[in-house]
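# Analysis of the macromolecular model
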Amino acid sequence: MSVFSSPDFDNHEQVVFCHDAASGLKAIIAIHNTNRGPSLGGCRMWPYASEAEAVTDVLRLSRGMTYKSALAKLPYGGGKSVIIGDPRLDKSPALFRAMGRAVQRLAGRYIVAEDVGISVPDVEIMERETRHVAGTTAGGAGDPSPATAYGVYMGLRAAVRHKLGRDKLDGLTVAVQGLGHVGTYLCKHLAEAGARLVVTDINEAAVQTAVTEFDAERVTPDEIYAAGCDVFAPCALGAVINDDTLQVLKAKVVAGSANNQLHEPRHGEILRQRGVLYAPDYVINAGGVIDISHEGRDYDKDRAFAHVAEIHDTLLEIFRRAEAEGIATGEAADRIAEERFRRPEPHNSAAA
Ligand code: NAD
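Throughout, residues of each chain are indexed from 1 in the direction in which the sequence is written. Per-residue local features are limited, in this predicted model, to residues with pLDDT of at least 70; the limit for side-chain atom pairs, both in listing and counting, is 80 or more; totals at the level of whole chains, interfaces and linings are taken over all residues. Values shown for side chains rest on all heavy atoms present in the structure; no hydrogens or waters enter the calculation.

The next thing to look at is the domain arrangement of the protein. Boundary definitions for the domains trace back to an automatic or database domain assignment. Taken as a whole, the protein is organised into domain 1 (14–65 + 76–126) and domain 2 (145–338). Inter-centroid distance (C-alpha atoms) of domain 1 to domain 2 is 28 Å.

Pasting the structure below:
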């Protein structure tokens, strides 16, 4: 196992291996880039098959946060942490206190939040040892899903404007895959804007709610890709844009909250060649992290949501750049992000 020669090492500033014998903590914290401010990113708890797998994950995820924060215009850099363990079996207060101490030792260069396998109460235990946490109840922002859904809604409108030349959604059909925290809030925004909904979920109760509350048409999970629609909104799983689904996809726009929607980067290029406009996932789903960035005693929901709404204009900039340079939207997003984080921001020191 190596770090510096790993294919996922991308000039990360700092990678820290943390161990606490008493609690059994084995964790890795990766700080990718702090040019825009202290690194912010969730802590993931996962039963990694090997330490090498954990290193790969933390290197990739922390790099992704640098790009996400830069495009969301946050005064933060990118970081992430992973705890090697099974979240169903290995959680304990001692483990999270040890993790909190590990975060504290970085003196604010890394701010920890929730991620897969780590919930708000877990981060609140870390908070007993460090103030460098985000996404806790005390911070004010709370559940990030409504902000994420609002960002997806605004981003979806930008994509519709750019691709279909329409400011309004009434009369358009949106196929929503996944009616969980984000998908259900998104359906509400879309229904209020007059869009027709086609929905699916493996959870029958969630589907029934969407049918009743939003007059949505239901399809099976397999049928959603081929559904007749203008927009496909993936809000469940990753890798849903792949060789199989591309054969049946009818939508002209792909805009949803799911992480890692493209199975491989080349699928973004295939979408471009087919004239399907893809809203890069890490840009359109940044509403939650934008909301969290406003946390604090003076949290103001209106101000936070106005910031989330800027996802609309950021995506328009990305779409225009992609068109002008003849590249996939994901690549255009990466280029804009790199321009933003490779030179330090003037407000960098104030953010700390
Ligand atoms: P969630 O777990 O609340 O909802 C996911 C839903 O997808 C569930 O209802 C689940 O039953 C459904 N689902 C699972 N497999 C499915 C399948 N094969 N077909 C159809 N539906 C299926 O998660 P969420 O918080 O709503 O997040 C949705 C997606 O958005 C995830 O990919 C998540 O990583 C991403 N995301 C969420 C946030 C947030 O603030 N919650 C922020 C950024 C990104």
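Let us look at the packing of aromatic side chains. Two aromatic rings from Phe, Tyr or Trp, using only the six-membered ring of Trp, form a pair when their centres are within 6.5 Å; if the ring planes differ by under 30 degrees the pair is stacked, by over 60 it is edge-to-face, and anything between is tilted. Per the counting criterion, the structure on display carries five aromatic pairs. For the pair Phe-4 and Phe-9, a centre-to-centre distance of 5.4 Å together with 85° between the ring planes defines the contact as edge-to-face. Here's how the labels work: a residue is buried when its accessible area is under 20% of the maximum for its type, exposed when over 50%, partly exposed in between, all with a 1.4 Å probe on protein chains only. Since its relative accessible area comes to 70%, Phe-4 is described here as exposed. Geometrically, the ring pair formed by Tyr-67 and Phe-341 is edge-to-face, given 5.0 Å between the ring centres and 75° between the ring planes. With a gap of 274 residues between them, Tyr-67 in helix 1 (residues 51–71) and Phe-341 in helix 13 (residues 329–341) connect regions that are remote in the sequence. We classify Tyr-67 as buried; its relative accessible area is 3%. Overall, the relative accessible area of 3% leaves Phe-341 in the buried class. Aromatic ring contacts, followed pair by pair, group Tyr-67, Tyr-282 and Phe-341 into a single cluster. Between Lys-301 and the ring centre of Phe-305, over which it is positioned, the NZ or CZ distance is 4.8 Å. Numbering goes from the N terminus for both helices and strands, where a helix is a DSSP run of H or I of at least four residues and a strand is a run of E of at least two. Charges are assigned to positions over rings by a cutoff of 6 Å between ring centre and Lys NZ or Arg CZ, combined with an angular limit of 35 degrees from the ring normal.

In what follows, salt bridge is the name for a side-chain nitrogen of Lys or Arg lying within 4 Å of a carboxyl oxygen of Asp or Glu. For the structure on display, the rule yields 25 salt bridges. Residues Glu-317 and Arg-340 are paired through a salt bridge, measuring 3.5 Å at the closest nitrogen-oxygen approach. Here Glu-317 is found in helix 12 (residues 311–325), whereas its partner Arg-340 is found in helix 13, with 23 residues between them in sequence. According to the relative accessible area criterion, Glu-317 is partly exposed, its value standing at 37%. The exposure class assigned to Arg-340 is buried, which follows from its relative accessible area of 12%. Note that Glu-338 is salt-bridged to Arg-342, the shortest N-O span being 3.7 Å. Salt bridges here are not isolated pairs; linked through shared partners, they connect Arg-321, Glu-325, Glu-331, Arg-335 and Glu-339.

A few words on the site of the ligand. If even one non-hydrogen atom of a residue comes within 4 Å of a molecule or strand, that residue is called near it. Residues in contact with the ligand amount to 19 residues; listed here are only the nearest, Thr-148, His-181, Val-182, Asp-201 and Ser-257. Contact between the ligand and His-181: an oxygen atom at 2.7 Å from a side-chain N or O atom of the residue. At a separation of 2.8 Å, an oxygen atom of the ligand approaches a polar backbone atom of Val-182. Basically, the charged four are Asp, Glu, Lys and Arg, the nonpolar ten are Ala, Val, Leu, Ile, Met, Phe, Trp, Tyr, Cys and Pro, and anything else, Gly included, counts as polar. The residue makeup of the shell around the ligand, split by class, is nine nonpolar, nine polar and one charged. Here a polar contact means two N or O atoms within 3.5 Å. Within protein one must be a hydrogen donor candidate and the other an acceptor candidate, and residues neighboring in sequence count only if both atoms are side-chain atoms.

In this section: unusual backbone geometry. Unlike most non-glycine residues, Asn-11 shows phi in positive territory, near 55°. Here Asn-11 is to be found in the segment before strand 1 (14–20). Phi is positive for Asn-260, close to 55°, though the residue is something other than glycine. Inspection of the secondary structure puts Asn-260 in the loop between strand 10 (253–254) and helix 8 (266–273). Residue classification places Asn-260 among the exposed positions, given a relative accessible area of 57%.

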